[in-house]
Amino acid sequence: PDIEGLVSVAFEIGGNGRLNYSRVAKSSLGSVAVEKCITTKMMKWKFPKPKGGVNVKVNYPFMLRPVGT
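Worth saying up front: this structure is predicted, and the values here are computed from it rather than measured.

Caption draft 1: Looking closely at the sheet that holds strand β3 (residues 56-64). Taken in spatial order, the three strands make up an open sheet running β2-β1-β3, and their pairing is antiparallel. Edge positions in the sheet fall to β2 (19-27) and β3, since each has one partner strand and no second. Between one strand axis and the next, the sheet turns by 25° as a mean value, whatever way the strands run. Of the strand pairs in this sheet, strand β1 (residues 5-13) and β2 are connected by seven bridges, and their pairing is antiparallel. Looking across to β2, one finds that E12 is bridged to Y21. Of the strands in this sheet, β1, β2 and β3 are in contact with helix α1 (residues 32-42), which crosses β2 at around 155°.

Printed below as a string of structure tokens:
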């Protein structure tokens, strides 16, 4: 609950809308377990199929911070 930081994830959306890979590009979390959890869960995500069936590379930042008190 106290973890905070930025995790930048590099991933590739395949022509079928599923991810070909997901990996941490940069992180300030300091938690390999949380980073691994994010990239593993992302592999189950489904995106709209890219036009032309091409692979699309993405680098996306996730900002994690505690909420509430």
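Caption draft 2: How the structure looks around the packing of aromatic side chains. Under the defined criterion, the tally for this structure stands at four aromatic pairs. Here the aromatic rings of W45 and F47 are separated by 6.2 Å at their centres, their planes lie at 55°, and the arrangement is tilted. F47 sits in the partly exposed class, given a relative accessible area of 23%. On the numbers, 5.0 Å between centres and 65° between planes, the contact of Y60 with F62 is edge-to-face. The exposure class of Y60 is partly exposed, given its relative accessible area of 45%. Here the aromatic residues F11, W45, F47, Y60 and F62 are joined through ring pairs into a cluster of three or more.

Caption draft 3: Quick peek at the pairing of β1. Taking burial as the measure, the nine residues of β1 include eight buried ones, the bulk of the element. Judged from the nine bridges that link them, β1 and β3 form a sheet pairing that is antiparallel. In the sheet register, E12 faces β3, and the bridge partner there is K57. Where β1 folds back onto β2 in an antiparallel hairpin, the turn is made up of five residues, including G17, whose phi is positive at roughly 90°.

What counts, and at which threshold
Residues numbered from 1 in each chain as written. Predicted model: local features only at pLDDT ≥ 70, side-chain atom pairs only at ≥ 80, totals over all residues. Heavy atoms only, no water. Pairing = 2+ DSSP bridges. Helix = DSSP H or I, 4+ residues; strand = E, 2+ residues; numbered from the N terminus. Axes fitted to C-alpha atoms, helices over the stretch in contact; angles between N-to-C directions. Contact = heavy atoms within 4.5 Å. Phe/Tyr/Trp six-rings, centres within 6.5 Å; stacked < 30°, edge-to-face > 60°. Buried < 20%, exposed > 50% of the residue type's maximum accessible area, 1.4 Å probe, protein only.

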